[in-house]
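# Report on the structure
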Amino acid sequence: MLRTHTCGELGSTHVGASVTLCGWVDEYRDHAGIVFVDLRDRYGLTQIKFALSDGSETQTLARGLRHEDVIRVTGEVVSRPADMHNSKLATGAIEVRGSTLELLNKSKTPPFQPNGRDLPNEELRLTYRYLDLRRAELQRNLEMRHKLAKLTRDYFDAQGFLEIETPMLGKSTPEGARDYLVPSRVHPGHFYALPQSPQIYKQILMVAGYDRYYQIARCFRDEDLRADRQPEFTQIDVEMAFVEREDILSTIDGLISSFVSGIRGQCLKLPLQRISYAEAVEKYGSDKPDLRFGMELIDVAEIAKSCGFGVFKTAIESGGRVRGFVAPQAAERYSRKDIDGLTDFVKDYGAKGLAFFRVKEGKLDSPIAKFFGDADQQALIAKLGAKDGDLLFFVADQPKVTTAALGALRTRLGKELKLYDPNDFSCFWVLDFPLVTWNAEENRWDAEHHPFCSVYDEDVPHLKDDPSKVRALSYDLVCNGYEAASGSIRIHDPKIQQRVFDLIGISEEEAENRFSFLLDALRYGAPPHGGIALGLDRWVMLFAGGDNIRDVIAFPKTQKASDLLSGAPGPVDMKQLRDLHIKTDLPAV
RNA sequence: GGGGCCGUAGCUCAAUUGGUUAGAGCGCCGGACUGUCGAUCCGGAGGUUGCGGGUUCAAGUCCCGUCGGCCUCGCCA
């Protein structure tokens, strides 16, 4: 080893010891006769002191040190004078009196300093990711990621699970997300697909008798990115055989509990709360609501249908809904202009408008208040439980639109009004998703979760008469408004599987083409089984208190899915393309 | 595919209704300094205002296009 200690571990107990440290020059303060260097590694900072009496060669070298130079220093640990302790530093009671200094590597002047107070723009951070990763925040995040992975492995190992790898080069199954394709050299015109998830393989492992499987698996989806979505991401993938829904939920309850105790040292109350999909959507306008605050949606159809406001009345008459909620004590906080902004916001979700009222002296104050008689006003106030100073919002539209618009508005206002402590941790199950939802554009039923999802026994008859009523044996784990895990009990009966395929418009022939290996496997003694997958990146983000997934991934991609560090994706040689039997057909420039 | 925000010195930002030589802090370079820890003090260098076009007597500022980054709707079985 080139060093005897790290830059984070020396303290008063080491005084008098001769030590050798290695690291990066975080900061230097040159006083000519004395030079201070804050030496940094991922464990911390240690102040090195170079004084004249230590010798002129070292002194000259020390005075030439600049930000991010990599050095090796040997010297004695000495106590700092009592009034010179630095309480901001874990090692602030001591310093190392540098006697020999070795410049291991001179750094170019960095485009930004990892200790800087102004965070440079993300483009630059991604281009020089190795500098960005030197920042304490990102180092903490990656350490958190490691801890979660370790807790995961410890937990499942203790429960008798096996970690089993599944292929990265698989078969394209065009359902679901767009695949990343990998051309085959030896099979001209054929392609592998990178896995969107190990779904089919893990089910086959169940058939094969590996009744407790997990894997920390990389997944790939060629879809547009978001703050919480990357084209390649990591799932904690789990599958169990001979289990019912309850077994999966309690297994994952235990995992989350181990996360919370391992990361935060807190005890999580189990079992985690559960609510139905129907309740989530009705009360909060989302299947992944943030339950760190209330602000529940309230249906005011009874008042709307008979009021004098045409927009409300017409909505009800044409099969729509009128719902709203109370933004507590927000009447003064939101100006007319602010509310115009909120109106634009809900339009993104299909709403045609946003009705609002301020509650003043027991009455409603709004440009549209005149359409509401005294009785209607009092009825609205009573129905919503509103108080003076509150701001009421309503959306009148088709049911789906009221849900999407109000759900999004609720989330936004909860944050803006600081209705919760950002350090709160809310985690609960959403159960009983519909098996399918109607896709009006394509005129067919789409699987809500995926085509292998099982259903309540008593709902099976509805597969024929009313598919919208069929409840899936699926479950999402929702944490602070993020979908943090999602899974289901799978179909293990090929006949039921075929009925579901029929329903979502996958013909027998098509199913054979796409999934024959799974369907075949199910015919050779498939145990009842089910599973779940947790988004590791999102969990790290949640525990790190961040709001974007890039900060918990060492080398993330930009919104256009490029890697600014490496330049990927990039062009390849013609020879490579020829080997792969590929011709490109690019749009004319 | 759609909507929005952004791009000025190495970095973070400023620059009046379009108006003279595009500024500041940090960083960088040189100098001073033996107790600093966001060191301090003195001096200096550093700009194709992302790129291309247009309007104008005059463009960092207005318009069109384009590239890049971020947020978002659609999309994400």
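Let me sum up the structure you'll find in this document. (Residues numbered from 1 in each chain as written. Chains lettered and ligands numbered in written order. Predicted model: local features only at pLDDT ≥ 70, side-chain atom pairs only at ≥ 80, totals over all residues. Heavy atoms only, no water.)

Surveying the vicinity of RNA strand B reveals 56 residues, the closest of which are Lys49, Arg117, Glu123, Gly176 and His449. If you look at RNA strand B and keep only atoms within 4 Å of the protein, 54% of those are sugar or phosphate atoms. Asn86 places a polar side-chain atom, nitrogen or oxygen, 2.8 Å from a base oxygen of RNA strand B. Ranked by the residues each element gives to the surface near RNA strand B, the list is headed by strand S1 (residues 18-30), at 4 residues. Here the residues of the surface near RNA strand B sort into 17 nonpolar, 16 polar and 23 charged. (Near = heavy atom within 4 Å. Polar contact = N/O pair within 3.5 Å; in protein donor to acceptor, adjacent residues only side chain to side chain. Helix = DSSP H or I, 4+ residues; strand = E, 2+ residues; numbered from the N terminus. Nonpolar A, V, L, I, M, F, W, Y, C, P; charged D, E, K, R; others polar.)

Cis geometry is found at the peptide bond from Leu270 to Pro271, where omega equals -5°. Tracing the backbone shows Pro271 in the loop between helix H6 (245-264) and strand S11 (273-276). Looking along the chain, the bond that leaves Ala568 and enters Pro569 is cis, with omega of -5°. As for its position among the elements, Pro569 is in the loop between helix H16 (536-544) and helix H17 (574-579). One non-glycine residue, Glu68, lies in positive phi territory at about 75°. If you trace the backbone, Glu68 turns up in the loop between helix H1 (56-63) and strand S4 (70-79). A residue is classified by how much of its surface remains accessible, and Glu68, at 2% relative accessible area, is buried. In this structure, Met295 is a non-glycine residue whose phi angle is positive, near 50°. Within the secondary structure, Met295 is located in the loop between helix H7 (277-284) and strand S12 (298-299). (Buried < 20%, exposed > 50% of the residue type's maximum accessible area, 1.4 Å probe, protein only.)

Inspection of the entire model under this criterion finds 46 salt bridges. Between Arg218 and Glu232 there is a salt bridge, with its nearest N and O atoms 2.8 Å apart. One end of the pair, Arg218, is in strand S9 (residues 212-220); the other, Glu232, is in strand S10 (residues 232-241), with 14 residues separating them in the sequence. For Arg218, a relative accessible area of 39% translates into the label partly exposed. Of the residues examined, Glu232 reaches a relative accessible area of 24% and is grouped as partly exposed. A salt bridge links Glu302 to Lys305, with the shortest nitrogen-to-oxygen separation between them at 3.4 Å. With relative accessibility at 60%, the residue Glu302 sits in the exposed group. (Salt bridge = Lys/Arg side-chain N within 4 Å of Asp/Glu carboxyl O.)

Attention now moves to the sheet that holds S11. What the 8 strands build is an open sheet, ordered S6-S9-S10-S22-S21-S20-S17-S11; its pairing is mixed. Each edge of the sheet is formed by a strand with only one pairing partner; in this case those strands are strand S6 (162-163) and S11. Bridge analysis of S9 against S10 gives 9 bridges, and the strand direction is antiparallel. In the sheet register, Gln215 faces S10, and the bridge partner there is Asp237. Sheet strands in contact with helix H4 (residues 136-158) are S6, S9 and S10, and its direction is about 150° off that of S9. (Pairing = 2+ DSSP bridges. Contact = heavy atoms within 4.5 Å. Axes fitted to C-alpha atoms, helices over the stretch in contact; angles between N-to-C directions.)

In this section: the pairing of strand S18 (residues 436-439). Across 4 bridges, the pairing between S18 and strand S19 (residues 444-447) is antiparallel. Counterpart to Trp438 in the pairing with S19 is Trp445. Between S18 and S19, which pair antiparallel one after the other, the connecting turn spans 4 residues, and Asn443 there sits at a positive phi close to 60°.

Spatially, 5 strands are ordered S12-S13-S16-S14-S15 in an open sheet, and the strand pairing comes out antiparallel. Taken across any chain shown, the strands that pair with only one partner, and hence form the sheet edges, are S12 and strand S15 (363-365). Examined bridge by bridge, strand S13 (residues 321-327) and strand S16 (residues 391-397) share 7 bridges and lie antiparallel to one another. By the bridge assignment, Ala327 is partnered in S16 with Leu391. In this fold helix H10 (residues 336-347) packs onto strand S14 (355-360) and S16, with an angle of close to 145° to the strand it touches most, S14.

Throughout the structure, instances matching the rule amount to 25 aromatic pairs. With centroids separated by 5.0 Å and ring planes inclined at 70°, the aromatic side chains of Phe309 and Phe312 adopt a geometry described as edge-to-face. Phe312 matches Phe309 in its accessibility class, with the two residues each being buried. Taken together through their ring pairs, the aromatic side chains of Phe309, Phe312, Phe357, Phe371, Phe372 and Phe394 make up a single cluster. Taking the ring centre of Phe345 as reference, the NZ or CZ of Arg412 above it sits at 4.9 Å. Directly above the ring of Tyr456 sits Arg471, whose terminal nitrogen or CZ lies 3.9 Å from the centroid. (Phe/Tyr/Trp six-rings, centres within 6.5 Å; stacked < 30°, edge-to-face > 60°. Lys NZ or Arg CZ within 6 Å of the ring centre and 35° of its normal.)

Right, let's talk about the state of the cysteines for a bit. Enumeration according to the criterion identifies 0 disulfides in this entry. You can see Cys267 has no disulfide; the closest cysteine sulfur is in Cys427, sitting 14 Å from it. Owing to a relative accessible area of 79%, Cys267 belongs among the exposed residues under this scheme. Cys453 takes part in no disulfide bond, and the closest cysteine sulfur, belonging to Cys219, lies 18 Å away. (Disulfide = S-S within 2.5 Å.)

There is a patch of nonpolar side chains on the surface, built from Tyr130, Phe555 and Leu565 and spanning about 290 Å² of accessible area. The topology assignment puts Leu565 in the loop between H16 and H17. A relative accessible area of 32% means that Leu565 is categorised as partly exposed. (Patch = residues over 30% accessible without salt bridge, like charges linked within 9 Å, V, L, I, M, F, W, Y side chains within 5 Å. Areas by Shrake-Rupley, 256 points an atom, 1.4 Å probe, with all protein chains shown as cover.)

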